[in-house]
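Descriptive analysis of the structure
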Amino acid sequence: MVDNTEMLKQLRIDRSAPPPEESGKGRWIGLAIALVAVAGIGAWFLFGRGTTWVVATAVAQPVTPTATAGSSVLDASGYVTARRQATVSAKVTGRVAEVHIEEGQRVEEGEVLARLDPIDAQAQLDQAQTQLEAARAQLTEHKVQLARAERDLKRQQELVERKLTSQQLSENAATDVAALKARIAAQERQIAVAQSGVEVARVYLENTVVKAPFAGVITVKAAQPGEIVSPMSAGGGFTRTGIGTIVDMNSLEIEVDVNEAYIGRVQPGQPVESTLNAYPDWKIPGKVIAIIPTADRGKATVKVRIGMDVKDSRIVPDMGARVAFLGEARPVAEAAPKPLPGVLVPSDAIRTVGDASLAYVVKDGRLEERRITLGQTLASSRQVLSGINVGDRVALALPAQAKAGDKVETQTQ
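Reference entry: report on the structure contained in this document. (Residues numbered from 1 in each chain as written. Predicted model: local features only at pLDDT ≥ 70, side-chain atom pairs only at ≥ 80, totals over all residues. Heavy atoms only, no water.)

**Topic: the side chain of K221**
Our working rule: The numbering of helices and of strands both runs from the N terminus, where a helix is a DSSP run of H or I of at least 4 residues and a strand a run of E of at least 2. Two N or O atoms count as a polar contact when they lie within 3.5 Å, although within protein this holds only if one can serve as hydrogen donor and the other as acceptor, and sequence-adjacent residues are included solely when both atoms are side-chain atoms. We call two residues contacting when some pair of their heavy atoms lies within 4.5 Å.
Its location among the elements puts K221 in strand β9 (residues 216-221). A polar contact is formed between the side chain of K221 and the side chain of E102, at a distance of 2.9 Å. Among all residues touching K221, those that are not within four sequence positions of it are V99, I101, E102, E103, I243 and G244.

**As for the environment of G365**
Its location among the elements puts G365 in the loop between β20 (356-363) and β21 (366-378). In this structure the C-alpha to C-alpha distance between G365 and V408, which are 43 residues apart in sequence, comes to 5.6 Å. Residue contacts for G365: discarding those within four places in its chain leaves D406, K407 and V408.

**Digging into unusual backbone geometry**
We note that A300 has phi near 55°; this positive angle belongs to a residue other than glycine. Note that A300 resides in the loop between β15 (279-296) and β16 (301-308).

**Some details on the sheet that holds strand β4 (residues 85-88)**
As a reminder, the rule being used: Note: two strands are recorded as paired if DSSP finds a minimum of 2 bridges between them.
One open sheet accounts for four strands, arranged β4-β12-β9-β6; its pairing is antiparallel. Edge positions in the sheet fall to β4 and β6 (106-107), since each has one partner strand and no second. With four bridges connecting them, β9 and strand β12 (residues 244-247) associate as antiparallel partners. Residue V220 lies in a different strand from β12, and its bridge partner there is T245.

**Concerning the pairing of β9**
As defined by bridge partners, β6 adjoins β9 across two bridges and the pair is classed as antiparallel. Looking at the pairing, R106 lines up with V217 of β9.

**Things to note about the sheet that holds β15**
Pairing between sheet strands relies on hydrogen bonds along the backbone, with the strands arranged either parallel or antiparallel. Note the cut-off: Helix axes are fitted to C-alpha atoms over the stretch in contact, other axes to C-alpha atoms as well, and angles between N-to-C directions run from 0 to 180 degrees.
Strand order in this closed barrel of six strands is β3-β13-β16-β15-β14-β17, and the pairing throughout is antiparallel. The mean inter-strand angle of the sheet, taken between neighbouring strand axes irrespective of direction, is 40°. Here five bridges tie strand β14 (residues 271-276) to strand β17 (residues 320-326), and the two strands are oriented antiparallel to one another. Note on β17: the bridge partner recorded for S274 is V323.

**Some remarks on the packing of aromatic side chains**
A ring pair, where both rings are aromatic, is described by two values, the distance of the centres and the angle of the planes. Note the cut-off: Here a Phe, Tyr or Trp ring, Trp counted by its six-membered ring, pairs with any other such ring whose centre lies within 6.5 Å, and the pair is stacked when the planes are under 30 degrees apart, edge-to-face when over 60, and tilted otherwise. Only protein chains enter the area calculation, which uses a 1.4 Å probe; residues under 20% of their type maximum are buried, those over 50% are exposed, and those in between are partly exposed. Lysine and arginine charges are scored as sitting over a ring when NZ or CZ, respectively, is within 6 Å of the ring centre and within 35 degrees of the ring normal.
Inspection of the entire model under this criterion finds one aromatic pair. When the centroid spacing of 5.9 Å and the interplanar angle of 75° are considered together, the rings of Y279 and W282 count as edge-to-face. The partly exposed category is assigned to Y279, whose relative accessible area is 29%. Above the plane of the ring of Y279 lies R314, whose end atom (NZ or CZ) is 5.4 Å from the centre. Directly above the aromatic system of W282 lies the positively charged group of R314, at a separation of 3.9 Å from the ring centroid.

From the geometry alone we can't say anything about function, so treat these as descriptive.
Below you can see the structure in the form of structure tokens.
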């Protein structure tokens, strides 16, 4: 047998021997590991625990239709539009000589807005008047010739009676009289034509004066003296097609696009409350004027015209507006309708990211992100069909930097 005693002794650890001397490389590695650990702990203290936000919250409520008068059954957005507005242009092409309007100026019907250079129109009028005078002078000449021809006819008839001349000469004199009468009739028609030419030239001259078609306010000044304007588009970009735009401020109304799925809630004459984006605290009463009987295929909406009962200088065209369609009054004692599905949360609890709608529920002092499905709008609240349950506390008007997992301090609303 082989003796393994010596081999076992070689494997035995000698604990009495001094430890080997550490190299400088090992110390640096240990120091680096310690620094990384310290940095990680500091980062966790600074960022790992998340930012604490102070936010208002609201509790998700069941969706129960209200039974009181004046409640909103549908909200829609739109813009203020003018039912009566016009881009005023000259009827003829010409160079602008004078412009008497500025933006914001109020004008009356028939007021002169601008004048074109009248040289060409005046020359045509002068020519037409000259032609008329020439036609009248020729008529006078024909009348003089007719008077002479009638005297000759009378003499010839006397001579025929006395048998001093032939019947043919008398007949020739009568023919001359008839011919001159025909010329006079034709010349009178020529005078009428020349008179019409004068009237046309005068109208052409009057068309160089641009007047307001109705009373209103100037919103756009489109031309300056020296520019060429034309009632037709001339191409090339060097010819203006209008002098300015005038708006009848008494014809202002609101046009909104209503989702075709909810158009059944809107009726002509239905009372509404409109709010301008520029004046969010100003409620403007009104009513539905008409529902335009066509739908937008691309947006799946129907246009609705809204009239405003208030006329105010603060209301101007193209202002953004939000319209609340009000329901009719119902006795409170009526049987309550079935609750709508989902829950009701304030509109400012909703955040839109791309095509997704999100809400943040406060749970155990932290934000929890929920992907939600939205329903209809009820006044200042939104119906949430899925993603939030009754009793969940949602965060309102969160800062854009807030994210899931952040700590929050709540303020109940």
